[in-house]
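# Architecture and fold: a report
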Amino acid sequence: MIDIQTETFAQVREEAVPLTRAHWDEVEAGMHGAETAPLDAAQYARWEELGMLHISTLREDGKLAGYAAFALCPCPHRPGVQLAALDGLYLAPEVRGGLAALRLLRQAEGALAARGVGIIQYSSPASRPCDALYRRLGARHTESVWHKEVR
């Protein structure tokens, strides 16, 4: 049985460790290299304290099997509008397919709207585009993002 809900970082922090590791290894490592700690838990905890974090989770038979995490902030280009930027979206291989990702993001959108969010910004790695999923949610392609590390 699949359950989708909003949970706090404090609720999922320990249980999320293997999922964030799998997420990094599968999606991010090819772009950014190996990481020993793919999630800055202290930063997420700070965001949560400040009311700047939203996490929607997908559980299969009670076990954490996916998440959509958003960072919230005032939109710098639209005064008075709250922005939620997708920080991480991951579903374990066993729950992929069907409508699981769509259901997870629809739940997140409803919860974010209830928190006063006016704009949701979706993103995905170039190596794993989620264009069809985001279009199905009604999102529009508005820009491309490029990253350059300057150490």
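Up top is the structure these notes are about.
Every value quoted in this text rests on a predicted model; they were computed, and no experiment measured them.

As for its placement among the helices and strands, H23 is situated in helix α2 (residues 17-32). Among the residues examined, H23 registers a relative accessible area of 10% and is labelled buried. Polar contacts involving the side chain of H23 include one to the side chain of Y67, which spans 2.7 Å. Beyond its immediate stretch of four places on either side in the chain, H23 contacts E28, Y67, G88, L89 and Y90.

A few words on the packing of aromatic side chains. Summed over all chains, the structure comprises five aromatic pairs. Between F9 and Y44, the ring centres sit 5.3 Å apart and the planes meet at 70°, which makes this aromatic pair edge-to-face. Placement of the pair is F9 in helix α1 (residues 9-12) and Y44 in helix α3 (residues 41-49), with a sequence separation of 35 residues. We note that F9, like Y44, is buried. Counting every residue linked through ring pairs, the aromatic cluster contains F9, Y44 and W47.

Membership of the largest hydrophobic core comes to 38 residues, with the highest contact counts inside it found for F9, I55, L58, F70, L89, L105 and Y134. Put simply, the parts of the chain that give this core at least two residues each are α1, α3, β2 (53-60), β3 (63-74), β4 (82-91), α4 (100-114) and α5 (131-136). No other element matches the eight residues that β3 contributes to this core.

Parameters and conventions
Residues numbered from 1 in each chain as written. Predicted model: local features only at pLDDT ≥ 70, side-chain atom pairs only at ≥ 80, totals over all residues. Heavy atoms only, no water. Helix = DSSP H or I, 4+ residues; strand = E, 2+ residues; numbered from the N terminus. Buried < 20%, exposed > 50% of the residue type's maximum accessible area, 1.4 Å probe, protein only. Polar contact = N/O pair within 3.5 Å; in protein donor to acceptor, adjacent residues only side chain to side chain. Contact = heavy atoms within 4.5 Å. Phe/Tyr/Trp six-rings, centres within 6.5 Å; stacked < 30°, edge-to-face > 60°. Core = buried A, V, L, I, M, F, W, Y, C linked by side-chain atoms within 4.5 Å.

Don't take any of this as a statement about function, it's just geometry.
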